[in-house]
Amino acid sequence: MNDMNWLAIYPEILLLVMGCVVALVDLWVTDEQRRPTYWLTQLTLVVVAGLHFSYFDAGLTSYAMQNMVVADPMGHLLAGFACVATLVTLVYARPYAGVREMLKGELFILSLFALLGINVMLSANNFLVIYLGLELMSLSLSALVALRRDNGVATEAAMKYFVLGALASGFLLYGLSMMYGATGSLSIPQVFDVISQGIPKRDVLVFGVVFVVAGLAFKLGAAPFHMWVPDVYQGAPTAVTLLIGAAPKLAAFAITVRLLVEGMIGLAVDWQQMLVVLAVMSLLIGNIAAIAQTNLKRMLAYSTIANMGFMLLGMTAGVVHGNTQSAANAYSSAMFYTVTYVLTTLGTFGMVILLSRQGHEAEEIKDLAGLGKRSPWFALVMTLFMFSLAGVPPTVGFHAKLAVLQALVTTNVPFYLGLAVFAVVVSLVGAFYYLRVVKVMFFDEPTDAFAIAAPADVRVLMSLNGAAVLVFGLLPGGLLDLCKIAIRQALTT
């Protein structure tokens, strides 16, 4: 391992440089469709994703900037997926933004800087680096939510996202300051060493963990810190909602692992109890509240809360008997769940974008009425997404839920067996609102006679998105193995 390996942060440096280049190039672009800016952004995302995946294949862990940054397989794999998610989001967003006066250089530049913040969070090995990446991502996304400055709903959503995001950052920062006060270090590995040597000032440490978990729960959108999710998802332009709901979830998962597992595993008895409460509340509130929604984006927001609850169940099963193997299986199941959730989210919100047109937002569930008659293919694709979110085989969502349930069951602890049963029952209740969308698409009469118009690249990518949900559902082993490799490497370095 090299203490000063600049190649470890080369993807982040490239992303920063290209973000500045895109900003400069856009000054000279006169094309209303912003084609040069768009294609330069997409080329950047492809190159950065390729770098991260190639580093993951190498399987090495290296450090840079006086060990404040770590480049390990988990970070590279998640960063590669985040780049792909941003690329897909911009493909879906371009026609939507073009008819809403959002197709500006700011859309692409802020997306790149939000992704840079995500990359910084994924490679953080220090409390300050985590906070810098978090703020870069959050401020970029806040500006994107307010991109339609003449839209009162979007402006209100931006204010809520900014204010509550600042509150969440305050919680996290205060918790990290308590950890620093108790351990005397901002370095995650050094915090781990201090805690493992005997936990001095335990009361201060536990107090800090409470605030850290609360801050992480805000960023994940877990109950009871979920109040911003439905309002922001509904109020933000759908393209920006997708930017908020996809790649940032990968970063939130990563900093949860970095802070709680890599840094504070000695306090697992304390933070696992908190995660159990967050998971149970998220599953209950998310699934029950979603049943009452008629707005599709708001329903998907509560679905996000429920899905983050399911992911947190995997995190709770990590340290039970001190078995490293079972811990790796539990955390890899949570990582697999997060990645597959992002894959499905790209498709669901992408479909909302595809069905929208100038002067009309396809945000209500009734807007999908008769889609099976208007466009059988896209109705089938949307059905795959709904089945995946509900956990219906053979979609990838079924295997994601199964992996988490297996992690709970294999602990052989009655409490965790009870949690698994609870999760299954609540998921069955939650399946109602997903199946309701399918019912509306195939059995309700169309209320909209407008033809579904979308560029060829959007149609092709949407079809590939649906195919990926099905293929990874039929053959989940490869992706699950990648997650296991990444987590095991993170736990052993």
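Bear in mind the structure is a predicted one, so any value in this text is a computation, not a measurement. (Residues numbered from 1 in each chain as written. Predicted model: local features only at pLDDT ≥ 70, side-chain atom pairs only at ≥ 80, totals over all residues. Heavy atoms only, no water.)

## Re the confidence of the model for the protein
The condition that has to hold: pLDDT: the predictor's confidence for each residue, scored from 0 to 100. The numbering of helices and of strands both runs from the N terminus, where a helix is a DSSP run of H or I of at least 4 residues and a strand a run of E of at least 2.
Looking at the protein as a whole, its pLDDT mean stands at 88, while 95% of the residues score no less than 70. Within the protein, the lowest mean pLDDT, 84, falls on helix α15 (residues 371–374), and the highest, 94, falls on helix α4 (residues 105–122).

## Notes on the nonpolar core
Put simply, the rule reads: Among the buried residues, those of types Ala, Val, Leu, Ile, Met, Phe, Trp, Tyr and Cys that are joined through side-chain atoms within 4.5 Å form a nonpolar core. Burial status follows relative accessibility: with a 1.4 Å probe on protein chains alone, a residue under 20% of its type maximum counts as buried, one over 50% as exposed, and anything between as partly exposed. Whether two residues are in contact is decided by their heavy atoms: any pair within 4.5 Å suffices.
By size, the foremost hydrophobic cluster in this structure holds 185 residues, and its most contacted members are Met179, Met264 and Trp271. Among the elements that line this core, the one with the most residues is helix α14 (residues 324–355), at 19 residues. Each residue touching methionine 264, except ones within four places of it in the same chain, is listed here: Phe127, Met179, Ile195, Val209, Val212, Leu259 and Trp271. Among the nonpolar cores identified, the runner-up in size contains five residues, and Ala8, Ile9, Ala64 and Val69 belong to it.

## Some details on the environment of phenylalanine 398
Here phenylalanine 398 lies in helix α17 (residues 396–409). The spacing of phenylalanine 398 and leucine 482 is 84 residues in sequence and 18 Å in space, taken between C-alpha atoms. Ignoring sequence-local partners within four residues, the contact set of phenylalanine 398 consists of Ser388, Gly391, Val392 and Pro393.

## Looking at the packing of α4 against helix α5 (residues 127–145)
Note the following rule: As a rule, the C-alpha atoms of each element are fitted with a line to give its axis, helices using only the stretch in contact, and angles between N-to-C directions run from 0 to 180 degrees. When an angle is under 35 degrees it counts as roughly parallel; over 145 it counts as roughly antiparallel; between 65 and 115 it counts as roughly perpendicular; any other value is oblique. Note on convention: the crossing is left-handed when the near helix lies turned anticlockwise from the far helix by less than a right angle, right-handed when the turn is clockwise. Side-chain classes follow a simple rule in which Ala, Val, Leu, Ile, Met, Phe, Trp, Tyr, Cys and Pro form the nonpolar group, Asp, Glu, Lys and Arg form the charged group, and the remainder, Gly included, forms the polar group.
For the pair α4 and α5, interaxial distance at closest approach is 7 Å and the crossing angle is 160 degrees. On the basis of the axis angle, α4 is roughly antiparallel to α5. Classified by chirality, the crossing of α5 by α4 is left-handed. Of the residues in α5, those touching α4 at Glu106, Leu107, Leu110, Ser111, Phe113, Ala114, Leu116, Gly117, Ile118, Val120 and Met121 are Val129, Ile130, Gly133, Leu134, Leu136, Met137, Ser140, Leu141, Ala143 and Leu144. Of the residues contributing to the contact of α4 with α5, the split by class is 16 nonpolar, four polar and one charged.

## Details of the state of the cysteines
Our working rule: The disulfide definition used here is simple: a pair of cysteine sulfur atoms within 2.5 Å.
Following the criterion strictly, the structure yields zero disulfides and no others. Of all cysteine sulfurs, the one in cysteine 483 lies closest to cysteine 83, which takes part in no disulfide; the gap is 16 Å. Taking relative accessible area as the criterion, cysteine 83 reaches 1% and is therefore assigned buried. The class of cysteine 483 is buried, set by a relative accessible area of 0%.

## Some details on a nonpolar patch on the surface
Applicable threshold: The residues that make up patches have over 30% relative accessible area and no salt bridge, and they are joined within 9 Å when like-charged or within 5 Å when they are Val, Leu, Ile, Met, Phe, Trp or Tyr. Areas reported here follow the Shrake-Rupley algorithm with a probe of radius 1.4 Å; residue values treat only the protein chains shown as occluding. Within this document, salt bridges are pairs made up of a side-chain nitrogen of Lys or Arg and a carboxyl oxygen of Asp or Glu, the two lying within 4 Å of each other.
Nonpolar side chains collect at one region of the surface, where Trp6, Ile13, Val17 and Met65 lie side by side and expose about 350 Å² of accessible area between them. Here valine 17 shows up in helix α1 (residues 10–26). For valine 17, a relative accessible area of 43% translates into the label partly exposed.

## Considering the packing of aromatic side chains
Both the distance between ring centres and the angle between the ring planes are used here to describe each pair of aromatic rings. The cut-off we apply is this: Paired rings are identified among Phe, Tyr and Trp, the last through its six-membered ring, by centres lying within 6.5 Å, and are further divided according to the angle between planes into stacked (under 30 degrees), edge-to-face (over 60) and tilted (the rest). In our convention, an over-ring charge means Lys NZ or Arg CZ found within 6 Å of a ring centre and within 35 degrees of that ring's normal.
Tallied over the full model, the rule gives 14 aromatic pairs. Seen in terms of ring centroids, phenylalanine 171 and phenylalanine 218 are 5.8 Å apart; in terms of plane orientation they differ by 50 degrees. Their pairing is tilted. Residue phenylalanine 171 is found in helix α6 (residues 152–183), and its partner phenylalanine 218 is found in helix α8 (residues 202–220); the two are separated by 47 residues along the sequence. Here tyrosine 174 and phenylalanine 207 contribute two aromatic rings whose centre-to-centre distance is 6.5 Å and whose plane-to-plane angle is 85 degrees, an arrangement assigned as edge-to-face. Note that tyrosine 174 is positioned in helix α6 and phenylalanine 207 in helix α8, a separation of 33 residues in sequence. For phenylalanine 207, a relative accessible area of 39% corresponds to the partly exposed category. An aromatic cluster is present here, built from Phe171, Tyr174, Phe207, Phe211, Phe218 and Phe225 joined pairwise through their rings. A cation sits over an aromatic face here: arginine 100 above tyrosine 96, 3.9 Å from the ring centre.

## Regarding the side chain of asparagine 126
The condition is simple: Polar contacts here mean pairs of N or O atoms no more than 3.5 Å apart (in protein, one a potential hydrogen donor and the other a potential acceptor; neighbouring residues in sequence count only if both atoms are side-chain atoms).
Within the secondary structure, asparagine 126 is located in the loop between α4 and α5. A polar contact of 2.9 Å, which involves the side chain of asparagine 126, links it to the backbone nitrogen of leucine 128. Among the polar contacts listed, one links the side chain of asparagine 126 to the backbone oxygen of leucine 186, at a separation of 3.5 Å. In this view, asparagine 126 contacts Met68, Leu186, Ser187 and Ile188; residues no more than four positions away in its chain are not counted.

## Regarding helix α19 (residues 456–474)
Defined as follows: The span you would expect from a helix comes to 1.5 Å times its residue count less one. The arc in question is the one spanned by the directions pointing from the helix axis to the C-beta atoms.
Counted at 1.5 Å a residue, the expected span for α19 with its 19 residues is 27 Å, and the 27 Å between its end C-alpha atoms agrees. Buried within α19 are the following residues: Val458, Leu461, Met462, Asn465, Gly466, Ala468, Val469 and Gly473. What you see down the axis of α19 is that its buried residues fit within an arc of 145 degrees, all on one side. Relative to its buried face, α19 has exposed residues pointing more than 90 degrees away, namely Ala456, Leu464 and Leu474.

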